[in-house]
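Here is what each chain is made of, one letter per residue.
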Amino acid sequence: MSEEFEEEPKRDKEKARGGEKRKRKEKKISAFYEMRQDQLKRLRPTCERCGPGYFMAQHQDRFTCGHCGLTRYKPAENTNQKTSAP
Ligand SMILES: [Zn+2]
């Protein structure tokens, strides 16, 4: 009697549950700027209290400064919020 062992291909069980740790995405400082030909455009407003160099974090309806905590609300634009039903 000879037993034959069929070797089953081992399945990679890793990544089955998606247990990958979330990596922090560090934004490069260049993410706050946009080069347009010769002009440098700042994509984020700077804090008026802290001065240039301190960019404000962009939120849904406001900007905040992580340095001093200044909050600036965005000017009201056409939002999708229904204010009154017709
Ligand atoms: Zn500030």
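Residues numbered from 1 in each chain as written. Predicted model: local features only at pLDDT ≥ 70, side-chain atom pairs only at ≥ 80, totals over all residues.

Trainee: Honestly, the overall build of the protein chain in this entry has me stumped. Any pointers?
Mentor: Along the protein chain, the regular secondary structure elements total zero helices and five strands. A burial count over the protein chain gives 3% of its 86 residues as buried. Summarising the internal contacts of the protein chain: among those between residues at least 6 apart in sequence, 2% fall at separations of at least 24. (Helix = DSSP H or I, 4+ residues; strand = E, 2+ residues; numbered from the N terminus. Buried ≥ 20, exposed ≤ 12 C-beta atoms within 10 Å, placed from the backbone. Contact = placed C-beta atoms within 7 Å.)

Trainee: Even after reading the chapter, I still don't get unusual backbone geometry, so can you show me in this structure?
Mentor: Negative phi characterises most residues that are not glycine, and trans characterises most peptide bonds. The phi angle at Gln37 is positive, at roughly 55°, despite the residue not being glycine. Along the chain, Gln37 turns up in the loop between β1 (33-36) and β2 (39-42). We classify Gln37 as exposed; it has 5 C-beta atoms within 10 Å.

Trainee: Even after reading the chapter, I still don't get the sheet that holds strand β3 (residues 56-58), so can you show me in this structure?
Mentor: Strand pairing within a sheet occurs via backbone hydrogen bonds; the two strands may be parallel or antiparallel. Read across the sheet, three strands follow the order β3-β4-β5 without closing on themselves; strand pairing throughout is antiparallel. With partners counted over all chains shown, the strands left at the sheet margins are β3 and β5 (71-73), one partner each. Taken over all neighbouring pairs, the strand axes of this sheet differ in orientation by 25° on average, direction set aside. Pairing of strand β4 (residues 62-65) with β5 involves three bridges; the strand directions are antiparallel. Across the sheet, residue Arg62 finds its bridge partner in β5, namely Tyr73. (Pairing = 2+ DSSP bridges. Axes fitted to C-alpha atoms, helices over the stretch in contact; angles between N-to-C directions.)

Trainee: Explain the pairing of β4 here, please?
Mentor: Side-chain positions along a regular strand alternate between the two faces of the sheet. Bridge count for β3 against β4 is three bridges, and the pairing is antiparallel. Its bridge partner lying in β4, Gln58 is registered against Phe63. Hairpin connection from β4 to β5: five residues lie between these consecutive antiparallel strands, with Gly69 at a positive phi of about 90°.

Trainee: Please explain the pairing of β1 as it appears in this structure.
Mentor: Across four bridges, the pairing between β1 and β2 is antiparallel. Across the sheet, residue Tyr33 finds its bridge partner in β2, namely Arg42.

Trainee: Can you walk me through the confidence of the model for the protein chain in this structure?
Mentor: Predicted confidence across the protein chain gives a mean pLDDT of 79, with 70% of residues reaching 70 or more. Ranking the elements of the protein chain by mean pLDDT puts β1 last, at 88, and β4 first, at 95. (pLDDT = per-residue confidence, 0-100.)

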